[in-house]
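Listed below are the residues making up each chain.
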Amino acid sequence: MKKLLLLSAFCLFGMGFVQCQSPQSAVQSNTTEVQKAYFTRISSDSIKKSLLVLTADSLGGRRTGEPGQRKAAHYLANYYQKLGIGTPPNTNSYFQPIPASFMTNWQMKLKDSENVWAYIEGSEKPEEVLVISAHFDHMGILLDKIYYGADDNGSGTSAVMEIARVFQSLIEEGIRPKRSVLFLHLTGEEFGLFGSKFYTQNPPISLKQTIANLNIDMIGRRSTEHLSTQDYIFLVGSDKLSQDLHHTAERANKESVNLVLDYKFNDDNDPQRIYYRSDHYNFAKHNIPAIFFYNGTHDDYHLPSDTFDKIDFPILTKRTQFIFETAWQLANGEHRPKLN
Ligand SMILES: [Zn+2]
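Residues numbered from 1 in each chain as written. Predicted model: local features only at pLDDT ≥ 70, side-chain atom pairs only at ≥ 80, totals over all residues. Heavy atoms only, no water.

(A) Main features of unusual backbone geometry. In this chain, aspartate 152 is followed by asparagine 153 through a cis amide linkage whose omega measures 0°. Mapped onto the secondary structure, asparagine 153 falls in helix 4 (residues 150–172). Of note, leucine 143 is a non-glycine position whose phi angle comes to about 50°, a positive value. Here leucine 143 lies in the loop between strand 4 (140–142) and strand 5 (145–147). (Helix = DSSP H or I, 4+ residues; strand = E, 2+ residues; numbered from the N terminus.)

Below, the structure is given as structure tokens:
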């Protein structure tokens, strides 16, 4: 997530690797039981594998435009190509190049970089698209220390990759979503939300046809206020443009892993202004209903100590299952989410 002022500080670490328990018990009940169980395909092992690559020393903290981040971009493109997921209409590349001139601000100068995208076409309403996003850049190397960004935002990046994998596995079984889905890995977030700004100014699919944005930024840890509470997630923005979207997320949660949904940062008077600090905001600015999925902050936020070993994989997996279920219901709903 984007820095607001300087560095912030709180604390904690996750529990390494308790095996993820199957949430199937939450899924009995009615006629669409089979359909609802798709979220259980989201696998802790695949998420872990991706995150291990994203936090490798050789990626050097994925600073926008640096060689390490470019490696990350190629890793993502190869991942989608191997899965057999293609690129958006009117494009023939997994990359959306962004010139350095677009990404300068008072803080710093960044180099040329690119968003990475992959696209699944819907069966009934292919012209309508759901965008699932996460930024994959982080802060790079400062004073010889790698800022690994395992939570920020290796967690969201690996979640998007895993959600895409499960969508594609369903397609291979003949189960294609009604609407199209764009998996969008954004660059330039940490220093100005540049990737999402560029995307929304240069979208390959019209913004009018973009039904919603689900943006994932930091979902692999517990925050200071939730060290030992029930499994939770902060939802930000869900009801601001569309109550319909908000209800879909709540229903998807109930029908899947039943996390505690914390709306603390959804308050219009939130002093931390979390709503304005990740990429969903650029979608919301264009009147696209958006949800920001977020775990809150911790002691390692924007420090070299935001590392792989501190990720809480059971909770990361559950949150990814919830987001998958939300995405699945949006992609297959009778109507797209209505604006308020
Ligand atoms: Zn950040």
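(B) Just the side chain of aspartate 137, in detail. Mapped onto the elements, aspartate 137 comes out in the loop between strand 3 (125–135) and strand 4. We note that aspartate 137 is buried and unpaired, the nearest opposite charge coming from arginine 62 at a distance of 7.4 Å. A polar atom in the side chain of aspartate 137 sits 3.5 Å from the side chain of threonine 64. In this structure the side chain of aspartate 137 is engaged in a polar contact, spanning 3.0 Å, whose partner is the backbone nitrogen of glutamate 190. When residues no more than four places from it in sequence are discounted, the contact partners of aspartate 137 are Arg62, Thr64, Gln69, Leu186, Thr187, Gly188, Glu189 and Glu190. (Buried < 20%, exposed > 50% of the residue type's maximum accessible area, 1.4 Å probe, protein only. Lys, Arg positive; Asp, Glu negative; His and termini not counted. Salt bridge = Lys/Arg side-chain N within 4 Å of Asp/Glu carboxyl O. Polar contact = N/O pair within 3.5 Å; in protein donor to acceptor, adjacent residues only side chain to side chain. Contact = heavy atoms within 4.5 Å.)

(C) Layout of the nonpolar core. With 58 residues, the main nonpolar core has Tyr80, Phe167, Phe183, Ile216, Phe293, Phe322 and Phe324 as its most contacted residues. When residues of this core are assigned to their parent elements, the largest contribution, ten residues, is made by helix 4. Excluding anything up to four places from it in sequence, tyrosine 80 contacts Ile85, Tyr94, Ala118, Val160, Met161, Ala164, Phe183 and His185. Counting 14 residues, the second-largest nonpolar core is a separate cluster that includes Met218, Tyr232, Val236 and Tyr301. (Core = buried A, V, L, I, M, F, W, Y, C linked by side-chain atoms within 4.5 Å.)

(D) Representation of the pattern of salt bridges. Counted under the stated rule, the structure contains twelve salt bridges. Here glutamate 128 and arginine 179 are joined by a salt bridge, their closest N and O atoms 2.6 Å apart. Of this pair, glutamate 128 sits in strand 3 while arginine 179 sits in strand 6 (residues 179–186), and the two are 51 residues apart along the sequence. The two residues glutamate 128 and arginine 179 agree in class, both being buried.

(E) Molecular detail of the sheet that holds strand 2 (residues 113–120). Ordered by their spatial adjacency, eight strands build an open sheet running 1-2-6-3-7-10-8-9, and the pairing between neighbours is mixed. The two strands at the open ends of the sheet, each matched to only one other strand, are strand 1 (95–98) and strand 9 (260–262). Within the sheet, the average angular offset between the axes of one strand and its neighbour, ignoring direction, is 25°. In terms of strand pairing, strand 7 (residues 210–216) meets strand 10 (residues 290–294) through four bridges, oriented parallel. Residue pairing across strands places isoleucine 216 opposite phenylalanine 293, the latter belonging to strand 10. Running at roughly 40° to strand 10, helix 6 (residues 243–254) makes contact with strand 7, strand 8 (232–236), strand 9 and strand 10 of the sheet. (Pairing = 2+ DSSP bridges. Axes fitted to C-alpha atoms, helices over the stretch in contact; angles between N-to-C directions.)

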